[in-house]
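# Report on the structure
Take a look at the letters that make up each chain.
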Amino acid sequence: MSTRLVTFTLDGRLFGVEVNAVQEVLRGQPQTRIPLAPESVSGLINLRGQVLSAVELRARLGLPDRDADQEPMLVVVRVAGETIALLVDSIGAVMDVDDDQFELPPDTLSGPSREFLHGAYKLDSQLLLALDVDRAVAA
Amino acid sequence: MDDIDEIVQEFLVESHENLDQLDRDLVALEREPESRDLLGSIFRTIHTIKGTSGFLAFGRLESVTHVGENLLARLRDGKMSMSPQTTDVLLAMVDAVRDLLAAIEQTGAEGDTDVSGVVARITAILDGKAPEPVTEVEAGVVAGLLPEPPVEVAPAPATPAPVAAPVAQAAPEPVAEHEEHGHRRTVAESSIRVDVDLLDTLMRLVGELVLTRNQVVRQAGDLQDVDLMRSSQRLNLIASELQEGVMKTRMQPIDNLWSKLPRVVRDLGANCGKQVSLTMVGKETELDRTLLEAVKDPLTHLVRNGVDHGLESPEERVAAGKPAEGVLTLRAYHQGGQVVVEVSDDGAGIDSEKVAAKAVERGLRTQAQIAQMSPTDILQLIFVAGFSTAAAVTNVSGRGVGMDVVKTNIEGIGGTIEVESVVGRGTTCRLRIPLTLAIVPALTVECAGDRYAIPQVSLLELVSLDADRAANAVEDINGASVYRLRGTLLPLVRLAEVLGVESDRSDGHVVIAVLQAEGKRFGLVIDRVLSTEEIVVKPLGSQMKAIGTYSGATILGDGRVALILDVQALARRVLNADALDQDDSDDHDSRAAAAESLRLLVAGLGGGRKVAIPLSSVTRLENFDQSAVERIGNREVVQYRGGILPVVRLNSYYGAISDREGDELVVVIYTVGDRSVAIAVDEIVDIVDEDTEFHAEVTDHGVLGSTLVRDRIVEVLDVRAAILSADPTFYTASDEYGAELQETM
C-alpha cells in the first residue's frame, strides 16, 4: 500500500498531508488579523469570495516564528467540511510513500508535535512527518 | 382574486394539480385498460373534486363530476370496460372541469360555461347508447392553457393532450400577488416549482455580484470618470433590484411552518390532558426559507413548552376562573426590518421569584446578583444553560432541546428571544428574527487599522467628538467611561480594549457608535467610521466561533476580509449587569427605584464639599453656557427644550463659593410631572450605589442627612427644600412633606 502526500517544509523539516485533503496550494495572500483568536489562527483570507481561516502551522507545532521577510505559502485543505488554509514555509513535491516506510512517532517525541503527527515515513535522505490535519486544525 | 376566498383558492390549486395527474392517468389507462389502480386513482380524484364542489355550491361542476364518477365507478367495478369512446368522454369531462375551474378562478363563479353536452355524452355511454360523433366545444379554450403536449394521445383528435408539463403550484400567496397587478394568469401558469438548490445558487451568485458591485462602485468613485460613474450607479441600482428579487424568491409564508403545529398542539393537548385552542395571526408573514428552517425547531419547542408547562389542566383553569380551554396564540408580523414571532399562552405564567430561587439553587446566579435584577431580567434566566423550570421531565418537553438551545439557535441566526410573563395571566415568548441572513446592511468602522462591520440592526446613532469636546463630554465614573448623550449617561466601551489591540487614534477625537443589544444601550468607541454598505455574511470557521465576539466575516469592496462584530456577544462580554444603561433609565417612577438599592449622584461644590442627589430624582445632566442664564425678577432661569427652568445654584444655596472657572454651568435636571428644575453644581463626581440607611444624625440647612460614600462623608441633598428655595410653587400639590419626600427618593 502506498500513500500520496503533498509535502511542505516548516523550519527545515519536511511534512506531508494526504493529497486528497488538499484543495490547492497558493502563494501568500493578504490576511485580516483576528483579535482574540488563538495564536495559531493567524488571520482570514479571501479565497475567491470564500472566507478561510489561516492556521499558522509553526505556532501550532510549537516551532519558532517564521522570519519576517519570509513569505508563507498556503496549503488549502478541507477538513470536516471546512476549508482551512495552512501557512507553511515552502511547498515540496507530491510524493508516493510506502506503508512499510511508516513508523509511529518515537516515544521521545512529546508536546504538540507528537499530538499532531500520524507518524514518520523514513525516506532515504530524511524523515517525512505525516501531519494529522484533523487534529492540527481542530480548535 | 380578492373576492375568492381562501378555501376556493386552495380548492383551485389542489384541483389543478389533480387534473394534471388525471390527464396522465387517463392516457396511461388507455394503454392498460384493465388497471384497477389507475381507475381507482382517477375515481378518487374526481370524487374529491365532486365532493368539494358540492360543498362549495358549484352546481355545474358537481353535475359533471357526478356523472363522470358514475362512469368511473362502473369501469372500476368492471361493469364496463374502457374503449376509445369512454376515454374521449372522460377527457372531455376533464376539459369541462378545467373550464369550470378557470371560470371560477377568474370570476369566483362558474359563469355560463355549458356542460350539458358533456353530461349528455357521459350519460349516453352510461345508458349504453352509441356516443355522438366527437365534436368538442371546450377543446379550444383548453388549448391555450397548455405549453406543449409531451405525451402523445392517439385518439380524440379534437382534444388536445392535456398532459401537464411539470408545472405546478408552489404556494397560493405569490399567485395572489401576481393577480393583483391586474394581469390575470391561471394559477398553474403564474407559479413554477423551482429546485431550492437552484435558488441557493442564485442567492450566492447575487451575493458575489453585490460584492463585485461594491468594488466597482468604490473604484469608480476613485477614478472620477463621469461615464464610468454613471454605469456604476446603474449597476448599483440593478444589482440592488436583482438582490431584492432573488431574496423574494426565497421568501415563504410562515404558514408553511405553522401548518404543522395544529396537529402538534392537538396531540400534545390530548397527551397532557389539556384542552387547547390554537390561534394563528399573521400566517402570511414571509421569511427567508433558510430562516424558516432554522426557527422550525425552536418554534416547535416553544409551542410544546406552552402546552406542556404554560397552560394549566382544565380543572386548574376552571378553579382559577378561566375557561377550561387554554388558548395558545401564534403571532407573526414585520417590525423594523425584522420578523417578530410570538408564542403566547394564557396559562399560569412564570413566577420570577421561583425562577430566581432556582437560578440561585443551580448556582447560575448569586443572591446578590439576583437582588440587582429586575423581574423581567430574572425571567430571561430561563434561557440560561442548566436551567429547567419543569419540576419533572415529562415525555413531551424536557427532552432534547432546552430553552438554552432555543436561545442559542435563535441567536445563531442573528435573532433575539425574550420572555414576558404575568403570573396567572400567561406567558409570551417573543422571537425577533432578521428577514434574511445572507445580506445585511452594515456600518464599516476602523479600529487599530483593521476594519470591522457592525450590523445596522444594532446601531442607533453615531456620535463624533473632537478633542476639546471629548475631553469634557467623556467622563470617568470610577474607572468606567461614560458619555452624556443628550443628558443620559451612556456607558462607553472601547473596541480596541475589548479586542486587545492598540488604537491608532491619538488626536483625542472620539467616535462613538451607539449600539443596542438585549434592550441595553452602550457606546462603542471606535477609531473611524468608514461607510455603510450591504455586506454578504460569510460564516467563520469553528475555531473562530468559540471567540464569540464575531458573528461572521465579509469581503469588502477592496477584496479584503473584515470581521462582523457580534453586538449581542460584545454587550454580554463587556457590560456587567449594573453598568448597563437600561432603556427605562429615565423611568420617572421613583418608587420602583427606591425599592432597589439607592443610587446616588455625587456632585462637587465649592470648597471640596460633596453632595449626593438621589439618582432617581435626576432625569438628565446638561451643560449650559453662563450666558444662557436669564433673570425673571430675582430668580435665575434658563431656556431648555422650549420651556423655562428655574436654576438652583447649590453653591449659593449652601453658602459655598464655586471653585469652577469658565463659562459653563453643569446642571442636573430634575423633573416632577411636567415641571423641571436645573440644579447647578460645580462638577459631577461619581454615581454610587448606596444601600445603607442615611446617617441622619448630623443635619444642617438643606441637608437630608449624610451618608458614607467610599469612606467619605457626603451630604444628601434635600431636593425638595432646595427646589422650593428657587421655585416656591414647584410642588403644586399640597400633600404632606413625608409623602413628597418619598417621591423624591
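This one's a predicted model, so the numbers in the text were calculated from it and none came from an experiment.

## Looking at the overall build of chain B
Helices and strands together make up the secondary structure of chain B, namely 26 helices and 30 strands. Considering only contacts within chain B whose residues lie at least 6 apart along the sequence, 65% involve residues at least 24 apart.

## Remarks on the overall build of chain A
Within chain A one finds three helices and 12 strands. For chain A, buried positions account for 34% of its 139 residues. Contacts in chain A between residues at least 24 apart in sequence constitute 56% of all its contacts with a sequence separation of at least 6.

## Side note on the confidence of the model for chain B
All names here are of chain B. Residue-level pLDDT values for chain B average 74, and 77% of them are 70 or greater. Ranking the elements of chain B by mean pLDDT puts helix α23 (residues 590-595) last, at 34, and strand β9 (residues 450-455) first, at 91. Segment residues 131-183 is flagged for pLDDT under 50; beyond a separation of four residues in sequence, or across chains, it makes 94 contacts in the model. Note on residues 733-745: pLDDT is under 50 here. Beyond four places in sequence and across chains, it has 13 contacts. Here the predicted complex scores 0.45 on pTM and 0.85 on ipTM.

## Here's the deal with the sheet that holds strand β9 (residues 90-98) of chain A
Hydrogen bonding along the main chain pairs the strands of a sheet, whether they run parallel or antiparallel. Residues and elements named next belong to chain A. Pairing within the open sheet is mixed, and its six strands lie in the order β9-β1-β2-β12-β11-β10. The open sheet terminates on both sides in strands that have one partner only, identified here as β9 and β10 (102-103). By the bridge criterion, three bridges tie strand β2 (residues 13-18) to strand β12 (residues 127-131) in an arrangement that is parallel. Note on β12: the bridge partner recorded for F15 is L129.

## Structural notes on the confidence of the model for chain A
The share of residues in chain A with pLDDT of 70 or more is 97%, and the mean pLDDT across the chain is 85. Of all helices and strands in chain A, the one with the weakest mean pLDDT is helix α2 (residues 112-115) of chain A (73), whereas β2(A) scores best (91).

## Comments concerning the nonpolar core
Here is a general trend for soluble globular proteins: nonpolar side chains tend to be buried in one another's company. Among the nonpolar cores identified, the biggest contains 82 residues, and L86(A), I454(B), L524(B), V525(B) and L565(B) are the most heavily contacted of them. Judged by nonpolar contacts, the second largest core, of 40 residues, contains L278(B), L291(B), V341(B) and L379(B).

## Notes on the environment of V217(B)
Residue and element names in this part refer to chain B. Along the polypeptide, V217 turns up in helix α9 (residues 196-223). When the C-alpha positions of V217 and N236 are compared, they lie 7.4 Å apart, and in sequence the two are 19 residues distant. Not counting residues up to four positions away in its chain, the partners in contact with V217 are S232 and N236.

## Quick look at the sheet that holds strand β6 (residues 416-422) of chain B
Residue and element names in this part refer to chain B. Strands sit in the order β2-β4-β5-β7-β6 across an open sheet of five strands; the sheet is mixed. Every other strand in the sheet has two partners, leaving β2 (276-281) and β6 as the edge strands with one partner each. Strand-to-strand, the axes of this sheet are offset by a mean angle of 15°, without reference to chain direction. Note: strand β5 (residues 338-345) against strand β7 (residues 426-434), eight bridges, orientation antiparallel. In the strand pairing of β7, S344 is matched with T428. Sheet strands touched by helix α12 (residues 261-272): β2 and β4 (326-335). Its angle to β2, the strand with the most contacts, is close to 160°.

## Focus on the packing of helix α13 (residues 289-310) of chain B against helix α18 (residues 403-412) of chain B
All names here are of chain B. In contact at an axis separation of 9 Å, α13 and α18 are set at 150° when each is read in the N-to-C sense. As the angle between them shows, α13 and α18 are arranged roughly antiparallel. At the point where α13 passes α18, the crossing takes the left-handed sense. Residues A294, D297, P298, H301 and L302 of α13 form the contact with α18, whose own contacting residues are V406, N409 and I410. By residue class, the composition of the contact of α13 with α18 is five nonpolar, two polar and one charged.

## Quick notes on the interface of chain B and chain A
Chain B puts 21 residues into the contact, and the matching count from chain A is 18 residues. Only α9, α21 (542-545), β17 (550-555) and β18 (561-565) of chain B provide two or more residues apiece to the side of chain B that touches chain A. When its residues are assigned to classes, the side of chain B that touches chain A shows 11 nonpolar, six polar and four charged.

## Considerations on the pairing of β5(B)
As judged from the eight bridges shared by β4(B) and β5(B), these two strands associate in the antiparallel manner. Considered in β5(B), the bridge of Y333(B) is made with V340(B).

## Things to note about the packing of helix α1 (residues 6-31) of chain B against helix α4 (residues 84-107) of chain B
Any two packed helices are characterised by how steeply their axes cross, that is the angle between the axes, and by the distance between the axes. All names here are of chain B. The interhelical angle for the contact between α1 and α4, taken along N-to-C directions, is 165°, at an axis separation of 10 Å. As judged from the angle between their axes, α1 and α4 are roughly antiparallel. Of the two elements, α1 crosses α4, and the hand of that crossing is left-handed. Within the contact between the two elements, α1 uses V8, L12, S15, H16, L19, L22, D23, L26 and E30 and α4 uses T87, L90, L91, V94, V97, R98, L101, I104 and E105.

## Notes on the environment of R631(B)
Position of R631(B) relative to the elements: it lies in strand β23 (residues 629-632). Here the alpha-carbon distance between R631(B) and V647(B), two residues 16 residues apart in the chain, equals 9.7 Å.

## Quick word on the pairing of strand β6 (residues 50-56) of chain A
Residues and elements named next belong to chain A. Judged by how many residues are buried, β6 sits mostly within the fold: six of seven residues are covered. Relative to β6, strand β5 (residues 41-47) runs antiparallel, the two being bridged by six bridges. Paired with L44 across the two strands is S53, which belongs to β6. A loop of two residues connects β5 with β6, the two strands running antiparallel in sequence, and R48 in this loop sits at a positive phi of about 45°. Taken together, the four bridges between β6 and strand β8 (residues 82-88) define a ladder with parallel strand orientation. In the strand pairing of β8, V55 is matched with L86.

Calculation notes
Residues numbered from 1 in each chain as written. Chains lettered and ligands numbered in written order. Predicted model: local features only at pLDDT ≥ 70, side-chain atom pairs only at ≥ 80, totals over all residues. Helix = DSSP H or I, 4+ residues; strand = E, 2+ residues; numbered from the N terminus. Contact = placed C-beta atoms within 7 Å. Buried ≥ 20, exposed ≤ 12 C-beta atoms within 10 Å, placed from the backbone. pLDDT = per-residue confidence, 0-100. Pairing = 2+ DSSP bridges. Core = buried A, V, L, I, M, F, W, Y, C linked by C-beta atoms within 7 Å. Axes fitted to C-alpha atoms, helices over the stretch in contact; angles between N-to-C directions. Parallel < 35°, antiparallel > 145°, perpendicular 65-115°, else oblique. Left-handed = near helix turned anticlockwise from the far one by under 90°. Nonpolar A, V, L, I, M, F, W, Y, C, P; charged D, E, K, R; others polar.

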